[in-house]
Every structure is written in C-alpha cells, then in structure tokens.
2 protein chains.
Amino acid sequence: MIELRHLKYFVAVAKELSIGRAAVALNISQPPLTRQIQQLEEDLGAVLFVRSVKGVELTDAGRTLYEEARNILSLVDLASERTRRAAQGRIGRLDVGIFGSGMYDIIPRVLRKFRAAFPEVKIVLHPMTKDAQVEALRQRRINVGFNRLVPRYPDIASRVVMWERLYIVVPESDPLAGRAEVSIAELVDSPFVLFPKVARPNFNDFVASLCQRHGFVPHIAQEVGEATTGVALVASGFGVCIVPESVKYFRADGVVYLPMTESPPTMLDVTCLYCLEDNSPILAEFLGVLEEFRRENDVVGDPHVL
Amino acid sequence: MIELRHLKYFVAVAKELSIGRAAVALNISQPPLTRQIQQLEEDLGAVLFVRSVKGVELTDAGRTLYEEARNILSLVDLASERTRRAAQGRIGRLDVGIFGSGMYDIIPRVLRKFRAAFPEVKIVLHPMTKDAQVEALRQRRINVGFNRLVPRYPDIASRVVMWERLYIVVPESDPLAGRAEVSIAELVDSPFVLFPKVARPNFNDFVASLCQRHGFVPHIAQEVGEATTGVALVASGFGVCIVPESVKYFRADGVVYLPMTESPPTMLDVTCLYCLEDNSPILAEFLGVLEEFRRENDVVGDPHVL
DNA sequence: GCGGGGCGATACTCTATCGGTATGAATCCA
DNA sequence: TGGATTCATACCGATAGAGTATCGCCCCGC
C-alpha cells in the first residue's frame, strides 16, 4: 500500500533528480530509498523515473505525481496543524442557545469578544427557551446557552454575564412619562403587559414578586412572547411594562423608558449556562473569554434563584 | 511519523464510531487499531476520540481531522489514478514544433484528431524552423515537429503526414489566370517569388529542381519568409509563386491558384519528425493517432530526400 | 447485588519490512 | 583501461505492525 513515506521520498528524489543526493537530504542511505521508489512504482503500476548513469529524470507519469504528491504532503501538514489548533479550541464551532431580549445588547457583546479572540471558530446561534437550552446542553447540541433567572441543575453550571437594571415602559401619554425615575409602587393601578409562563422560574414570577414586595398584585392586561412586542403594546396603550435595561436599545415611538427606583436597585441577570460534562476545548476557551468579560464589567455574584 | 495508514484507520473509526466495528471493516483485529489511533493522537498531540463504554465519539479535533483526512485520502486515490493515466499517455503535454504553411490545414487536422482522442493532453505549439525542430527534439523541448522536405538523421524518425499537390499562384491580370491548370514549363519567363534558404534542403531547392527538370532556371524576383507574404506579393504584381495546396485556404484578392500539371503530379510532403530515443507514452499515443490519420487519407511512402 | 456481555486498553509474541552495510553492474571520463 | 559515479541487488539486524489472550470497566438484567 502507498504510504506518505513513499510520497515524501518520491518528492525528494524528484527535487534532486538523483536517488543518492535525495537519500542524503532524507538522512537515509541510498539502497532503501531505491527500494521505496521501486515499491511506489510497483504499487502505482507506472514508471516514475528513467534511470541513467548521471541520475534520474521524471517521466510524464512522474511529473504528474510530483504535482499531486507535493500538494498532498502540504495538505497533510495543514491537516495536522488544523487538528492541533482544533484540539486547543482555536477552530471549530460553538453552538449557542439564545433568547430574545438577550440579543439586544449583552449576548452580541460577549460573542463579539469571543470572535475577536477566536476568529476561526464558527458561532452558530439557536434561539430556544430555557428548558430547551438545558436539554440541548445535555445532548451537546449547544455548548452554551444564555438566559435569565435560571434554576440550579446538578449537571449544568451557570455564570452571570451581566446584571441589568429594570426599566418601566410607559406610553408618552402616561402621567409618569415626564418623570426621571419611577418606583414600582407607583404602578399599583396600572395594567401590566407581561411575558408568558413558558418556563418557570420566569420573568412573570420575578415581576410578581417585586410587586408583592411593594404590597400589591399586578393587574395583567396582556401576555406577550417577546419584549419588543410588549413595548409595542405599551405604545398602543395596553398598559405598562417592565423590561431589562438592554431592551432600551429597541427604540419605539410613543413610549418612554424610565429607570425603576429601588435601593439597592433590583438587578436582573443574563446568565450563561453550560454542561459540566462538556469538555470541548472551545467551550473552555469561551468560558475564559466570559471570565474576562465579567472582570471588565465588574460582574460579580451568582444568578438569582427564585 | 503520520502515515496514510493512520488516516485510513482513523476515518474508519470515525465512520463507525467504534474501534471494534472499524477493525472488522478494515479486516484487522481490534488491538492494533487501538494502538494506531493512540499513535496518531500522540503524533498530532491531540485527542481525537472520547472513549466511552458504548464506543467512541469524535472530539472537535477529531471532527476537524475527519474532514481533512477524507479529503487527503481521496486525493491520494486521485493522484494514483492520474499517475497511471499519465503513464499510459492519457494525460500530460505534447510539445509540437510547427511551421507556417503547415498550420493552414494539415497540422490542425492532425492535432484535432489527437485532441479528440486524448482531451487531457495539453498541446503546446512552438513555431520553429526545421533545424530548430531537430535540435529541440533531441533536447526533448518538443516531442514532435512538423515540416517539409526533411533530411534524414540517424536519431530522428519521420513519417509523412500528407502529400500535397502544388499550385501556381498568379495575379488576376496574368494571361494564365483564366486557365484550368498550368505546367511549370509555362513559367519560363515569369519572375518568381521564393522562400529564403533558412534551412537546406528547402522549398527553393525543390522549386529549382522542378524548373531544372523542365529545362530552365527560375528568375528570382523576391525572397519572402512566409507563404502568405509570397501570395500577397503575387497579388501586388511582383511575379508568380509556387505553393502547396493547403495555402489555397489563404484567400487573397487579386490572385488565382492554378493546379500545376505534371503526370504523375509532383507532390510535396508535410512530415512529422520525432526523436527515436523519446519514449514518452504520449508521443507513442500521438504516433498511433498519426498512423490512423495516414490510413484515413491513404498516405503512403517516405519523405522526399533531395 | 451479582454475573454476563460488550467495549476499549494492555501484554506478549511473531513476522513483515524498513533501514543499514557491502557489493555489483553499467557508464563516463581521464 | 582504471577510477569515479550512479543506481540496483543481497543480506542482516532492529523496529513496529498485526495477531492472540486477557484485563478493566461499565451497563444491564436477573
């Protein structure tokens, strides 16, 4: 069977046009090289060199193989290198579970940072709910998932990516619209636009517990699936809405974003989930980038557990 | 050192996701396969599989190598195949020495026929004189040369490609212009446009010997390098010109091509030269095509030797 | 809870083959 | 004609690839 050794030897002989000189270059003696070349010719069923008393020269078949062999040998080198880099997590792909409002600001910032450090890693985004992320993490369909208000699982680790302040969204026509900031207590009589209970613990429970802390139960006017839809409904006068800060990047006519007062302010997390048993080197590198991101943004603490 | 065996084994394991099953597919036993994979991982410095109790699965590095290895293995197969075909003369290049008036008809017909049979052989044309062709053939810069009136050489073989009748070119105003055919004897008083003595024996000598046979010495009005230039000079009234039939394909205003009568008609050869010591398989295939061309056109005999 | 089955890893042996040394055969040149 | 050069051949020792036997591990079922 043809081996890379044969090709390497052949290329050396083709370069030197002499078996003896090629043997020197390869640091072997001449007879074994002669034999390897004979073997290669035998295997291919083609004469590669015409032997003369002053060396060898390539036949048409030899010239053809020369081009091919050099290409193959360089591809093998390249493959080794790429494999090594893949083992170090420098190339490959990172499958990321994402959710709506995280993509307005926080998640893109983290992913940009990672892409800058590992440009050869392909980042594949998968919008999915909290439960779907946990399931996908376990099955390695994704390597990391981003979400809020994540529960604890024995096999899933979590790191807070960012703490966000909460904002109250009111229509421009609302009496509160001119205020610099608003307390949630002032929303006692306002109808709320909230997000559906697709996964517990969820943002609904979070808002409900906030209201409860201020002594009232929110009046739910409408449930929506997306933060942006909620803001649009606020603009249409369906009620008020509480959103994390990054939703502010969604500019909508007819609404005002007011920071919610509390001391200390209530913060909502964006948390990164990953499977403890996933030892993909790319994941490891990503977690390194994430830690750096946390340091840069002074993010401390563990996720809220309701 | 990494060998193709390693890659082949690795691909088999990656396909089966099981060392045991891959060993069966490879017709070897399981332990050596295990060792080869370990060796590959060692050489690359990368873990390619995560072993589990129910088989193995690819790591990121393994997935990377899988793509590369399959590509490399298929390239090796391709290279073998191409080399074999090159050995049979089915791919490669044919360097061809050509001359002016041969390219009007005869040489293109032969080369088209060869190209149809061996489309992967690249045909490279080199316009050159007779002597340059012989020199180039000896140095293998060309594999075949086309020419006329070739001398004999000990190391150069020749096969006539086509015999051509001679035509007399006269201006439209010439008294002979209306005739169906003309004997060279009727040109006793006409000035001749002839071709330079770049290589002996040449067309000049050929025409001179023809005139001598009819009892006169031609009056040379002008010497030119190209048959088409000669025809153009005839059109301008410089004299008459004798050309082989294929020059008729060069249509020029103001001239008439008249077949030269003689019985039997004097024929001029287009001959293919090649070096007896050139054992390129492509040359061999070309000579096969050439023989077929000769049969199709009922070409017999050896070249004229003046 | 224990034993059987399945999978990969290890230990050991055998042998094919790779590489080394010595030498031969052919050719060229002085 | 003899030395030098180049590739080919003969033979030998060592490496390592492939085989057999077995271990260790884990899952699964009784």
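What counts and what doesn't
- Residues numbered from 1 in each chain as written.
- Chains lettered and ligands numbered in written order.
- Predicted model: local features only at pLDDT ≥ 70, side-chain atom pairs only at ≥ 80, totals over all residues.
- Heavy atoms only, no water.
- UniProt positions renumbered as here; feature names shortened; annotations may be inferred.
- Helix = DSSP H or I, 4+ residues; strand = E, 2+ residues; numbered from the N terminus.
- Domains from an automatic or database assignment.
- Buried area = accessible area lost by both parts, 1.4 Å probe.
- Salt bridge = Lys/Arg side-chain N within 4 Å of Asp/Glu carboxyl O.
- Buried < 20%, exposed > 50% of the residue type's maximum accessible area, 1.4 Å probe, protein only.
- Least-squares fit on C-alpha atoms with pLDDT ≥ 70 in both.
- Contact = heavy atoms within 4.5 Å.
- Polar contact = N/O pair within 3.5 Å; in protein donor to acceptor, adjacent residues only side chain to side chain.
- Near = heavy atom within 4 Å.
- Nonpolar A, V, L, I, M, F, W, Y, C, P; charged D, E, K, R; others polar.
- Expected span 1.5 Å × (residues − 1).

An unreviewed UniProt entry lists chain A under the name DNA-binding transcriptional LysR family regulator, with Roseiarcus fermentans as the source organism. Of chain A, the UniProt comment under Sequence similarities (unreviewed entry) reads exactly: "Belongs to the LysR transcriptional regulatory family."

## Describing the UniProt feature "domain: HTH lysR-type" (unreviewed entry) in chain A
Mapped onto this numbering, the UniProt entry gives "domain: HTH lysR-type" (unreviewed entry) at residues 2–59 of chain A. Helix makes up 62% of residues 2–59 of chain A and strand 14%, with an end-to-end C-alpha separation of 19 Å.

## What to know about the domain arrangement of chain A
Residues and elements named next belong to chain A. Domains assigned within chain A are domain 1 (4–87), domain 2 (92–161 + 275–296) and domain 3 (163–267). Taking both sides of the interface into account, the surface hidden between domain 2 and domain 3 amounts to around 1100 Å²; carbon and sulfur atoms contribute 66%. If you sort the residues of domain 2 by the area they bury against domain 3, Tyr104, Arg148 and Leu149 come out on top, with a joint share of 46%. In this assembly, domain 2 and domain 3 are joined by one salt bridge. Linking glutamate 164 and arginine 148 is a salt bridge whose minimum nitrogen-to-oxygen distance equals 2.7 Å.

## Concerning unusual backbone geometry
Residue and element names in this part refer to chain A. Residues other than glycine seldom take positive phi values, yet leucine 149 does so here, at roughly 55 degrees. Along the chain, the position of leucine 149 falls in the loop between strand E5 (144–147) and strand E6 (156–171). A residue is classified by how much of its surface remains accessible, and leucine 149, at 3% relative accessible area, is buried.

## Things to note about the relation of the copies chain B and chain A
Both copies of the chain are placed relative to one another by a rotation about an axis and a shift along it. Take chain B, turn it by 180 degrees, move it 0.1 Å along the axis, and it overlays chain A with an RMSD of 0.1 Å. Overall, the copies show the geometry of a two-fold rotation axis. Of the interface residues in chain B, 100% have counterparts in chain A that sit at the interface too, so the contact is made through matching surfaces.

## Some remarks on the side chain of aspartate 95 of chain A
All names here are of chain A. Tracing the backbone shows aspartate 95 in strand E3 (residues 92–98). On the basis of relative accessible area, aspartate 95 is assigned to the buried category, the value being 8%. Within the structure, aspartate 95 has its side chain in polar contact with the side chain of arginine 93 (distance 2.8 Å).

## Details of the interface of chain B and chain A
Contacts between chain B and chain A engage 30 residues on the former and 30 residues on the latter. Both sides of the chain B and chain A interface together cover about 2500 Å² of buried area, and 64% of this is carbon and sulfur. Across the contact surface, chain B and chain A share four salt bridges. A salt bridge links arginine 5 of chain B to glutamate 3 of chain A; the nearest nitrogen and oxygen atoms lie 3.6 Å apart. Across the chain B-chain A interface, the total number found is 10 residue pairs in polar contact (both at pLDDT 80 or more).

## Observations concerning the protein's contact with DNA strand C
Around DNA strand C sit 22 residues in total, of which Tyr9 and Ser29 of chain A together with Ile19, Thr34 and Arg51 of chain B are the nearest. Across the atoms of DNA strand C situated within 4 Å of the protein, the share located in sugar and phosphate is 62%. Within the side chain of arginine 5 of chain A, one N or O atom sits 3.4 Å away from a phosphate oxygen of DNA strand C. One of the side-chain nitrogen or oxygen atoms of threonine 34 of chain B is found 3.4 Å away from a phosphate oxygen of DNA strand C. Of all the elements in the fold, those that place two or more residues in the surface near DNA strand C are helix H1 (4–16) and helix H3 (30–44) of chain A together with helix H2 (19–26), helix H3 (30–44) and strand E2 (55–58) of chain B. Looking at the surface near DNA strand C, the element that brings in the most residues is H3 of chain A, giving five residues. Its residues assigned to classes, the surface near DNA strand C comprises nine nonpolar, 10 polar and three charged.

## Let's talk about H1 of chain A
End to end, H1 of chain A covers 18 Å across 13 residues, agreeing with the expected 18 Å (1.5 Å per residue, within 8%). All of the buried residues along H1 of chain A are Leu4, His6, Leu7, Tyr9, Phe10, Val11, Ala12, Val13 and Ala14 of chain A. Buried residues in H1 of chain A make contact with helix H2 (19–26), H3, strand E1 (49–52), strand E2 (55–58) and helix H4 (60–87) of chain A together with helix H1 (4–16) of chain B. Following H1 of chain A by one or two positions, leucine 17 of chain A has its phi on the positive side, about 55 degrees.

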